[in-house]
Structure formats: structure tokens, C-alpha cells
Amino acid sequence: MFKKIIFPIFFLSVFFGYSQNHKFKVVLDAGHGGKDYGAVYHGNIEKNIALKAVLKVGAILEKDPQIEVIYTRKTDVFVELQQRAKIANKSKADIFVSVHCNANKNLEASGSETFVMGITRNASNLEVAKTENEVVTLETDYKVKYDGYDPKSPESVIGISILQEEHLDQSIELAGRVQDFFSKTTDFKNRGVKQAGFLVLRQITMPRVLVEMGFISNREEGEFLNSEEGQDKLAASIAGAIIDYKNEFHNPSDNDEKEEQRVVVREEIVVKENPKKEIITKTETDKTEKGIVFKVQISASTKEIEVIPSNFKGLEPISFEKSGNLYKYYYASEKSFDLAKQKLTIAKQKGYSSAFIVAYKDGIKISITDAIK
């Protein structure tokens, strides 16, 4: 019996234990709405563009019988930020995607970028978060609802991010795909995946991203955003990214087992304003193991945690690797996938409900499917 100790470990959200009838649930959140117009430039209105784009994304996703779409709004209505989070959490969705248009006093600013929750002191990221968060001033008693949040204060934006690292790894995976698809279908500058403190994301208990499709303040880009052609391309990009993410992390096997393997997480952390991904992986243990090895990923954190059993609910052996700014922690190391599944069961019994299996070949991470083959 181990004494229960609480540590600042942030778990990844992955999809295990589903029957084949489980649908992949996607919450689509059209930014702003009703009395909240969002950014307005050159006659183009953000709330309208976001809604039209989201409805187009939903129409594409709904053609897939394995996907269920939940909308925070389908019409021009005002929905409070907390209510958007409640809709997402109540639905027990797999991912949350909030869609917006960017704006900047510099009317030449351009490009698409996708945000995940995280601490940032970057001035431009803070400015985007502050702008999107200003909607709370339209809500009654917003300072009470949002713990004294001041939309004009950088400290408030940073403060809401500190404990929001849960699902960070999976959120980055989804955000990276959104940016990839934008690059394939549009000529927009790829501004990359970034971190910032958004109120709409802070209470959501699943992987979540906020998509800034392009700059409505840029006349040419704004016209594209407001056009039928532009919305079709942007919607196709977002939907394609969601389907790509779903196919990798939510693929029920052909049998009826409730414990199912998942394709391994890609080693990509994109936080720079750069169209090219930087893949930086540092394996701290077991790097020289030869052949196929299966491990159970139990957690990830931006903080390094001492690798001792008491820090991981008594589990051992524990190994870890550093990927970008994340430390990923693994339990066990097995040559057999069946033995790995047994270890996964143990990890889940210990409380690591989001744990999943990953595979290596000669120290290099590969997909579960390839490893089993």
C-alpha cells in the first residue's frame, strides 16, 4: 500500500477503452456572436466569418459516421465563455476547436496561427489572448466568474495559464495538424503553433485549440476570409486536420477488445513563428535498446520530475525523454505487446486513466501498428 501523494503531473488525453460503437466527439466553437462582434475591419465581421466557417467544418465532419459534432452555437447568439466550456465538458467530447479571425493594429500583419493553452510572455501572443478575452466584459459579474480577471492585464493572461498544461501534448498534436493543412490549402503565411492564456480554453477538460484562421485586419486576407471560396478552403483545412488527428488517436481495432492500442504520438513541438517544424527529441533512458520495445506513457509535464517510484504511484521502472519543452514519462519496457497491455492495465489501476502504449525500434519511436507487424 502506497501513501497517496499529489504531484504536479499533467496527464495526456488519449483514447482508450472505447467500444467500436464509440463516436469521436468534436466540439466546434464559433468565436464571438450576438452582441459580441469580435474584430471588425473593412466591413468584415469576425463573428459572422467564424460561424460560417464552423458550420462548413461541421458539415464535412458529419459525413463521417464515426464522428459526432457538438456546436457551442449554430446561430448569431451570444454565448458566455464559461457556457462554452460547460457545453464541451458535459458532452465528454474528445477535442474542442474554437475558431476565430485574427486582427492587429498593423494592417499588414498576415497569416494563420493556432494556439494551445500555456504560459507565455511573448508580447504578440499576449496581445492576441487579451483581445480574445475582452469578450468577458460583456458578461455580468465577469470579475467574480473569472476570479478577478482583468482583460487589460498581462499578469491576468499569464496567471490563467499556469495550471493549464493538462492535455498539452495532444493539443499541440492537433494544432500542428491544423497549421499543416492550412499550408496545403492556402497561401497564408504559417505563423505556427503558439501558447497563450485564453479564458475560453482554461476550463475545458480535453485537448483544445484556438484557431486564428487569418487576419481580418489585413484587407486582402479579410476579403478571403469573408468569401465563400475562402471559407470553403479554411473549413476543409480544419476538418482535414481533425480527421487526421482522429485517424491517428482514435482508431478502434477490428476486434471487440476494450483495451486497444493507439498510434504513437508524433515527436513535434511547434512554438516558433516558423513554417518549418523543429523536431527535438532527447531520450534520457533505454535509448540503446535493440529491437521492438513497448512502453506505457503515463504522463507529461513541462517540469522535470525525479524518477523514483514514490513520484509515480509506486510504479517502476520509470523512464523518460525530453521532447521540445515537455518531459514524457514511461512505465515498463516490454518486448511483447501482450505484456505491455498488462502493464497498461496496472497503470490504469494506479490512477493513470489516460495512459497509453508506445513503441520503439532500436531506440527510435515508431507506430504501434508497425511494431506489431
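Residues numbered from 1 in each chain as written. Predicted model: local features only at pLDDT ≥ 70, side-chain atom pairs only at ≥ 80, totals over all residues. Heavy atoms only, no water.

Peer 1: Help me out: how do you make sense of the packing of helix 6 (residues 168-185) against helix 9 (residues 228-249) in this one?
Peer 2: Angle between the axes and distance between the axes: these two values describe a pair of packed helices. At a minimum axis distance of 8 Å, the contact between helix 6 and helix 9 shows a crossing angle of 140°. Judged by the angle between their axes, helix 6 and helix 9 are oblique. Seen along the crossing, helix 6 lies across helix 9 with a hand that is right-handed. Between helix 6 and helix 9, the residues in contact are Gln170, Glu173, Leu174, Arg177, Val178, Phe181, Phe182 and Thr185 and Lys233, Leu234, Ser237, Ile238, Gly240, Ala241, Ile242, Asp244, Tyr245, Glu248 and Phe249, respectively. Grouping the constituent residues of the contact of helix 6 with helix 9 by class yields 10 nonpolar, 4 polar and 5 charged. (Axes fitted to C-alpha atoms, helices over the stretch in contact; angles between N-to-C directions. Helix = DSSP H or I, 4+ residues; strand = E, 2+ residues; numbered from the N terminus. Parallel < 35°, antiparallel > 145°, perpendicular 65-115°, else oblique. Left-handed = near helix turned anticlockwise from the far one by under 90°. Contact = heavy atoms within 4.5 Å. Nonpolar A, V, L, I, M, F, W, Y, C, P; charged D, E, K, R; others polar.)

Peer 1: Looking at this model, I keep getting lost on the packing of aromatic side chains. Mind explaining?
Peer 2: Think of a pair of aromatic rings as described by two things: how far the centres are apart, and how the planes are tilted against each other in angle. Going through the model one piece at a time under the given rule, you end up with 6 aromatic pairs. Between Tyr330 and Tyr360, the aromatic rings sit 6.2 Å apart at their centres with planes inclined by 80°, giving edge-to-face as the arrangement. Of this pair, Tyr330 sits in strand 12 (residues 326-334) while Tyr360 sits in strand 13 (residues 356-361), placing them 30 residues apart in sequence. According to the relative accessible area criterion, Tyr330 is buried, its value standing at 1%. Here Lys295 stacks its cationic end above the ring of Tyr330, 5.8 Å away from the centre of that ring. (Phe/Tyr/Trp six-rings, centres within 6.5 Å; stacked < 30°, edge-to-face > 60°. Buried < 20%, exposed > 50% of the residue type's maximum accessible area, 1.4 Å probe, protein only. Lys NZ or Arg CZ within 6 Å of the ring centre and 35° of its normal.)

Peer 1: Sorry, what's going on with the pattern of salt bridges here?
Peer 2: Here the idea is simple: oppositely charged side chains can pair when their charged atoms come close. Across all of its chains, the model carries 13 salt bridges by this definition. Across the salt bridge formed by Glu228 and Lys56, the nearest N and O atoms sit 2.6 Å from each other. Linking Glu228 in helix 9 with Lys56 in helix 1 (residues 46-61), this pair joins segments that are 172 residues apart in sequence. On the accessibility criterion, Glu228 (52% relative accessible area) is exposed. The shortest N-O distance in the salt bridge between Glu173 and Arg177 comes to 2.7 Å. Highlighted residues: Glu173 and Arg177, both in helix 6, separated by 4 residues, approximately one helical turn. Look at Glu173 and you get buried, because its relative accessible area is 2%. (Salt bridge = Lys/Arg side-chain N within 4 Å of Asp/Glu carboxyl O.)

Peer 1: Is there a simple way to think about unusual backbone geometry in this case?
Peer 2: In terms of backbone geometry, most residues other than glycine have negative phi values and most peptide bonds are trans. Residue Pro317 is reached from Glu316 by a cis peptide bond, and omega for that bond is 0°. Topologically, Pro317 is positioned in the loop between strand 10 (292-301) and strand 11 (318-323). In this model, His42 sits at a positive phi of 55°, which is unusual for a non-glycine residue. Here His42 shows up in the loop between strand 2 (40-41) and strand 3 (44-45). Here the phi dihedral of Lys313 falls at roughly 55°; this positive angle occurs in a residue that is not glycine. Within the secondary structure layout, Lys313 lies in the loop between strand 10 and strand 11. Residue Lys313 is classed as partly exposed on the basis of its relative accessible area, which comes to 33%.

Peer 1: Just to check I follow, could you spell out the environment of Ser227 for this structure?
Peer 2: Mapped onto the elements of the fold, Ser227 is located in the loop between helix 8 (219-225) and helix 9. The partly exposed category is assigned to Ser227, whose relative accessible area is 23%. Linking Ser227 and Asn44, residues 183 residues apart in sequence, is a C-alpha distance of 9.9 Å. In this structure the side chain of Ser227 is engaged in a polar contact, spanning 2.9 Å, whose partner is the backbone nitrogen of Gly230. (Polar contact = N/O pair within 3.5 Å; in protein donor to acceptor, adjacent residues only side chain to side chain.)

Peer 1: Sorry, what's going on with the pairing of strand 13 here?
Peer 2: For strand 13, a buried count of 5 out of 6 residues is recorded, marking the element as mostly surrounded by other parts of the structure. Where strand 13 lies against strand 14 (residues 364-366), 3 bridges are found, and the strand directions are antiparallel. Across the sheet, the residue bridging to Tyr360 is Lys365, located in strand 14. What sits between strand 13 and strand 14 in their antiparallel hairpin is a turn of 2 residues, with Asp362 showing a positive phi close to 55°. (Pairing = 2+ DSSP bridges.)

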